[in-house]
Amino acid sequence: MIEAKTQLAKLLATEDITVQHSAVATTASFDMKARILPLPIWIVTEDMKDVLDMMTGHEVGHSLWTEMQAWEDAVIKEALHKGILNVVEDARIEKKIKRKYPGLTKQFISGYTTLEGKHFFYEGGESVQDFNLMDRINLAMKMGSLRGIQFDAVEEYYVNLIENVE
């Protein structure tokens with residue numbers, strides 16, 4: 001299965017990126033400069049296959065559309081808040097990867113649903129409605145309407161801005 005996930009990542013990225021399967025990685029990431037995609041090695045149950053495909057699709061989105069120089073300029077030269085920038089960029093690239101590869105949409109929905117069920121994003125018993133605005137927007141962008149996160153009229157303005165970033 002490791003070889004299949006490696007080939008999937010390379011095919012989606014449309015380039016010969018380096019895929020590293022790591023027993024110490026807790027999530028996937030992408031090194032834009034070195035073009036390396038580390039993927040966690042987990043005991044893969046049926047539900048976790050979609051999580052790995054979702055993570056692969058997400059990070060491949062960064063390989064395709066996150067420009068390293070633009071990112072560095074935004075964080076260093078323009079001093080934009082890295083956490084906020086990351087939420088916006090993640091929403092943007094996930095929209096684009098699902099548009100480019102519509103077959104991945106099911107894996108994104110299933111993967112995020114599985115991760116939420118395992119309390120990957122927050123501890124069990126916490127109320128998402130008590131989270132700060134950016135954390136709620138981040139989860140809403142990832143989970144969509146499935147999560148049912150509520151926003152007031154002022155917050156909805158920012159949600160709409162992020163949803164429409166290209």
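Look up: the structure comes first, before these words.
Residues numbered from 1 in each chain as written. Predicted model: local features only at pLDDT ≥ 70, side-chain atom pairs only at ≥ 80, totals over all residues. Heavy atoms only, no water.

Colleague: When you look at the nonpolar core in this model, what are you seeing that I'm missing?
Modeller: Proteins that are soluble and globular tend to have nonpolar side chains buried together. I17, L37, M54 and V60 are the most contacted members of the largest nonpolar core, which has 24 residues in total. Secondary structure elements with two or more residues in this core: α1 (2-13), β2 (36-40), α2 (46-65), α3 (68-77), α4 (82-100) and α5 (105-117). In terms of residue count, α2 provides more of this core than any other element does, five residues in total. Those residues in contact with L37 that sit more than four places away from it in its chain are A9, I17, T18, V19, Q20, S29, F30, T56, E59 and V60. (Core = buried A, V, L, I, M, F, W, Y, C linked by side-chain atoms within 4.5 Å. Buried < 20%, exposed > 50% of the residue type's maximum accessible area, 1.4 Å probe, protein only. Helix = DSSP H or I, 4+ residues; strand = E, 2+ residues; numbered from the N terminus. Contact = heavy atoms within 4.5 Å.)

Colleague: Looking at this structure, how should I read the packing of helix α6 (residues 133-143) against helix α7 (residues 153-163)?
Modeller: Direction vectors running N to C along α6 and α7 enclose 45°, while the axes themselves pass 11 Å from each other. What the angle tells us is that α6 and α7 run oblique. The way α6 lies across α7 gives a crossing that is right-handed. When α6 is examined against α7, the residues L133, M134, R136, I137 and M141 are found in contact with a partner set consisting of E155, Y158, V159, I162 and E163. Residues belonging to the contact of α6 with α7 are distributed by class as follows: seven nonpolar, no polar and three charged. (Axes fitted to C-alpha atoms, helices over the stretch in contact; angles between N-to-C directions. Parallel < 35°, antiparallel > 145°, perpendicular 65-115°, else oblique. Left-handed = near helix turned anticlockwise from the far one by under 90°. Nonpolar A, V, L, I, M, F, W, Y, C, P; charged D, E, K, R; others polar.)

Shape descriptors only; they carry no functional weight alone.
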